[in-house]
Amino acid sequence: HGPLALIHFDAHTDTYEQGTRFDHGTIFHHALQEGLVVPEHSLQIGIRTSYDRNNHPYEVLDADWVNDHGPAAVLERIRARVGHHPAYVTLDIDGLDPAFAPGTGTPVAGGPSSAKILAVLRRLGHLDIRGADLVEVSPAYDHAQITAIAGATVLMYMLGLQAEKMRK
């Protein structure tokens, strides 16, 4: 597919530079270094941990911004940033507030609700989405399958976007 726009929902930027170490905290640092993503068309949504704001390659809509402005404004920023560029959507389950997804290894309070994120996801059908994933659901920490339900719903919305695309 060539380099893709990145639409990344997460509590963390996953751009930490750790030399040659590859893990869930370095993935988007390495993706940038390898030319897999186009930073000028990419966004990270729901971030609520520290990162170098002066030297960060992606546009960040932090959790406070998302919670204050809501799904319509998030969607507007995604449309403006991604445009017609082919995109990849990834959602780390800790992008949701732990009240809505406690079953993850790195929960961070203050994130958007599942309703806000689902409202954004269901309106991404106009984009040229080439792939999507959901990561970091940890059943061992998932009380009453709250996270599994949120994750399954996110994946259902992602599959629905692909089904819409196939109908066109």
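Residues numbered from 1 in each chain as written. Predicted model: local features only at pLDDT ≥ 70, side-chain atom pairs only at ≥ 80, totals over all residues. Heavy atoms only, no water.

Attention now goes to the sheet that holds strand β1 (residues 5–9). The parallel open sheet is built from five strands, whose spatial order is β3-β2-β1-β4-β5. At either end of the open sheet lies a strand with only one pairing partner, and these are β3 (59–62) and β5 (129–135). Within the sheet, the average angular offset between the axes of one strand and its neighbour, ignoring direction, is 15°. Pairing geometry for β1 and strand β2 (residues 43–47), over three bridges, is parallel. Each residue of the ladder has a partner; that of F9, found in β2, is I45. Along the sheet, helix α4 (residues 146–167) contacts β4 (87–92) and β5; its crossing angle with β5, the most-contacted strand, is approximately 170°. (Pairing = 2+ DSSP bridges. Helix = DSSP H or I, 4+ residues; strand = E, 2+ residues; numbered from the N terminus. Axes fitted to C-alpha atoms, helices over the stretch in contact; angles between N-to-C directions. Contact = heavy atoms within 4.5 Å.)

Turning our attention to the packing of helix α2 (residues 63–82) against helix α3 (residues 114–121). For the pair α2 and α3, interaxial distance at closest approach is 9 Å and the crossing angle is 15°. When the axis of α2 is compared with that of α3, the two are roughly parallel. Of the two possible hands of crossing, α2 and α3 adopt the one that is right-handed. Counting all contacts with α2, which are made through V66, N67, P71, V74, L75 and I78, the residues of α3 involved are K116, A119 and V120. (Parallel < 35°, antiparallel > 145°, perpendicular 65-115°, else oblique. Left-handed = near helix turned anticlockwise from the far one by under 90°.)

Bringing α4 into the picture now. The end-to-end C-alpha separation of α4 is 32 Å, in line with the 32 Å expected for 22 residues at 1.5 Å each. All of the buried residues along α4 are T147, A150, G151, V154, M158 and L161. Axial view of α4: buried residues confined to an arc of 100°, hence all on one face. Exposed side chains of α4 directed beyond 90 degrees from the buried face belong to I149, M156, L159, M166 and R167. Check the buried side of α4 and you find it contacts β4, α3 and β5. (Expected span 1.5 Å × (residues − 1). Buried < 20%, exposed > 50% of the residue type's maximum accessible area, 1.4 Å probe, protein only. Arc of directions from axis to C-beta.)

Another point: the pairing of β5. Of the strand pairs in this sheet, β4 and β5 are connected by six bridges, and their pairing is parallel. Pairing of T90 across the sheet is with D133, part of β5.

In this section: the pattern of salt bridges. For the coordinates displayed, the defined rule picks out four salt bridges. Notably, a salt bridge pairs R77 with E59, separated by 2.8 Å at the nearest N-O pair. Of this pair, R77 sits in helix α2 while E59 sits in strand β3, placing them 18 residues apart in sequence. A salt bridge links R81 to E59; the shortest N-O distance between them is 3.6 Å. (Salt bridge = Lys/Arg side-chain N within 4 Å of Asp/Glu carboxyl O.)

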